[in-house]
Amino acid sequence: MKHRVVVLGAGFGGLELTTLLSDALGDSIDVLLIDKADCFVFGFSKLDVMFWRQPPAAVQHPYSAIVKPGVRVLKAVVREIDPAGKRVVTDAGTFEADVLVVALGADYDQAATPGLVEEGTEFYSVPGAFALRDVLPRFERGPVIVGVTGKSFKCPPAPSEAALLVHDFLEERGRRESAEIALVMPFGTPIPPSPETSQAILAAFEERGIRFVKDNLVKALEPGRKVAVLSDGSELPYSLFLGIPVHRVPQVVVESGLASHPYDWVPVNKQTLETKYPGVYAVGDVNGVGTPKAGVFAEGAARVVAESIIAQLRGLTSPAVYLGQGACYVEFGHGQVGRVDVDFLSGPKPSGTFREPSEMLVREKSVFGSSRLERWFGGVPQRK
Ligand SMILES: Cc1cc2nc3c(=O)[nH]c(=O)nc-3n(C[C@H](O)[C@H](O)[C@H](O)COP(=O)(O)OP(=O)(O)OC[C@H]3O[C@@H](n4cnc5c(N)ncnc54)[C@H](O)[C@@H]3O)c2cc1C
C-alpha cells in the first residue's frame, strides 16, 4: 500500500508541501490535499483587488488546475481531526493517513471586536477585500483608519501597505486633500525586527501625512457615532474604517485538542514542525512556532516537513531543520516595492535587513507570485 499523506488546507503551506512531495516521489505516494475553497488567492492580491490594481478574476487560481503525480485534490470542509488516530472527517468522507499535515491557516473572529461586523469593512478575508473594492470609490471625505484589532496578525507589513495604498488611491482620484489617514498598530514601530524597514516606512508616512498611532489596538467600533475606541481608552473618529480582524485558531483544530484554546496556536517542535502526536505536523499560520504569519514562512515550514517525509520513506534521517527565515516584499505605494529579510529563530532575537525600494524588487515580487503559480498549478490559472 502506498504511504498516505493527508494535507489539510491548500494555502501557501499545503500547496508547497504537496508540490515538493509530488516532485520527489511521483505516484509512489498517495497525497490527498483537502480544502473547502475552490481557488487559491495570494494574501497580497487582496490589496491588489481592493485598490483596483487587479480585477477579482485575475487573482483567483482554481484548484481544479492542479494535475500532479500522486496527488488528489478534494474540495471539502474538514469537520473533525483525530490526531492520535491520524483520521479526518470531512463533509465528503472520512480519511486515514500515515502522515497528517494541518495547514488550515488562521481564521478571523470579527465578532471579537464590537461594531466590526456591523461596519463590515475588514480587508483580511477574500470576501472582505473584494467588497471594499466597491466601497472605496464611493468614499469622498473624512478620516480613514487602518486599524489592527489583535496582537497576532498575518503579514505584519500589510497594515502599513494598506495605509500607503489608500493614500495613492485617494490621491489619484483628487480626494487626498479631503481625507486624513491614520494607522493603528500594536507595535512601537511598523516592523519591530527591522529598525531600518520601520524607519523607511515611517519616513513614507511622514512624507504623505499619514499618522502612525503606535502601541495601540482598535478594541471596538461605534458605527452609530463613527468612532473607534482604542486600547488606551482614547477615541478616533472615522468615515472609513479598514480593519484587520482578530485572528484565531480554526475551531476544528481547537476541537481536535491540537490547540488548547482559540488564541493558542498549535504547539510544535520548533525544528521539525511536528506536533505532540508523532507523524502529525502543523505548518504555516496555524502553528505557534514564533515566526510571523506570512506565506514565505508557511512555505519554509512546508519544505522542512516535505524533506522529513521524503527522508523517512527513503530510510534516511531528515537533514532539514526549520530556520524561521523569510523575505517579505513591502509595497511603499507610488509603484515602489522594498523588501525585508527576516530571521526569527537562528539568533538571540529576531532580526531583519532592509532592501530599499527598486525596479528590481518590483520585478522580483511579480516573479515571486508567478513562479509559485507555475510550480503549484503548472501555469497561471484564472477563474473563468
Ligand atoms: C492583506 C494580506 C497581505 C499579505 N501579503 C503577504 C505577502 O506579501 N507575503 C507573504 O508571504 N504573506 C502575505 N500574507 C500572509 C499570507 O497570506 C498567509 O500568511 C499565508 O497564506 C499562510 O499560509 P497557510 O498555508 O498557513 O494558510 P492559508 O494560505 O490561509 O491556507 C489555509 C487554507 O485552509 C483552508 N481551510 C481552512 N479551514 C478549513 C476547513 N475547515 N476545511 C477545509 N479547508 C479549510 C482555507 O480555505 C485555506 O485555503 C498576506 C495576508 C494578507 C491578509
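These numbers were taken from a predicted model, which means no experiment stands behind them.

### Structural notes on the packing of aromatic side chains
Step number 1: With the rule as written, the count across this model stands at 20 aromatic pairs.
Step number 2: When the ring of phenylalanine 12 is compared with that of phenylalanine 368, the centres are 6.2 Å apart and the planes differ by 25°; the resulting orientation is stacked. Taken together, the residues phenylalanine 12 in helix α1 (residues 12-25) and phenylalanine 368 in helix α9 (residues 359-377) connect sequence positions 356 residues apart.
Step number 3: Consider the rings of phenylalanine 51 and phenylalanine 169, whose centres lie 6.2 Å apart with planes at 55°: the pair is tilted. Remark: phenylalanine 169 occurs in helix α5 (residues 158-172) and phenylalanine 51 occurs in the loop between α2 (43-50) and β4 (61-62); sequence separation between them is 118 residues. Each member of the pair, phenylalanine 51 together with phenylalanine 169, is buried.
Step number 4: Here the aromatic cluster, defined as three or more aromatic residues joined through ring pairs, consists of Phe12, Phe40, Phe42, Phe44, Tyr63, Tyr329, Phe368, Trp376 and Phe377.

### Focus on the packing of α5 against helix α6 (residues 195-208)
Step number 1: The N-to-C vectors of α5 and α6 enclose an angle of 25°; their axes lie 11 Å apart at closest approach. Accordingly, the angle class assigned to the pair α5 and α6 is roughly parallel. For the pair α5 and α6, the crossing hand works out as left-handed. Residues Ser160, Ala163, Leu164 and His167 of α5 form the contact with α6, whose own contacting residues are Ile201, Ala204, Phe205 and Arg208.
Step number 2: For the contact of α5 with α6, the per-class residue count stands at 5 nonpolar, 2 polar and 1 charged.

### Examining the environment of valine 184
Step number 1: Tracing the chain through its elements places valine 184 in strand β12 (residues 179-184).
Step number 2: Put simply, valine 184 and valine 213 are 29 residues apart on the chain and 4.7 Å apart in space, counted from C-alpha to C-alpha.
Step number 3: Discounting residues that sit within four places of it in the chain, valine 184 has contacts with Ile145, Val146, Gly147, Val148, Val213, Asn216, Leu217, Val218, Leu230 and Leu236.

### A word on the sheet that holds strand β14 (residues 218-222)
Step number 1: Here we have 3 strands laid out as an open sheet, ordered β14-β15-β16, and antiparallel in their pairing. Each edge of the sheet is formed by a strand with only one pairing partner; in this case those strands are β14 and β16 (235-237). For this sheet, the mean inter-axis angle between neighbouring strands, taken without regard to orientation, is 25°.
Step number 2: In this sheet, strand β15 (residues 227-230) lies alongside β14 in antiparallel orientation, the contact comprising 4 bridges.

### Let's talk about the site of the ligand
Step number 1: Surveying the vicinity of the ligand reveals 28 residues, the closest of which are Gly13, Asp35, Val78, Asp285 and Gly295.
Step number 2: In the model, an oxygen atom of the ligand is placed 2.6 Å from a nitrogen or oxygen of the aspartate 35 side chain.
Step number 3: Aspartate 285 places a polar main-chain atom, nitrogen or oxygen, 2.8 Å from an oxygen atom of the ligand.
Step number 4: About the coverage of the ligand: the protein hides 91% of its 1000 Å² of free accessible area.
Step number 5: Elements supplying a minimum of two residues to the shell around the ligand: α1, α2 and α8 (295-313).

Here is what the cut-offs are and how they apply
- Residues numbered from 1 in each chain as written.
- Predicted model: local features only at pLDDT ≥ 70, side-chain atom pairs only at ≥ 80, totals over all residues.
- Heavy atoms only, no water.
- Phe/Tyr/Trp six-rings, centres within 6.5 Å; stacked < 30°, edge-to-face > 60°.
- Helix = DSSP H or I, 4+ residues; strand = E, 2+ residues; numbered from the N terminus.
- Buried < 20%, exposed > 50% of the residue type's maximum accessible area, 1.4 Å probe, protein only.
- Axes fitted to C-alpha atoms, helices over the stretch in contact; angles between N-to-C directions.
- Parallel < 35°, antiparallel > 145°, perpendicular 65-115°, else oblique.
- Left-handed = near helix turned anticlockwise from the far one by under 90°.
- Contact = heavy atoms within 4.5 Å.
- Nonpolar A, V, L, I, M, F, W, Y, C, P; charged D, E, K, R; others polar.
- Pairing = 2+ DSSP bridges.
- Near = heavy atom within 4 Å.
- Polar contact = N/O pair within 3.5 Å; in protein donor to acceptor, adjacent residues only side chain to side chain.
- Areas by Shrake-Rupley, 256 points an atom, 1.4 Å probe, with all protein chains shown as cover.

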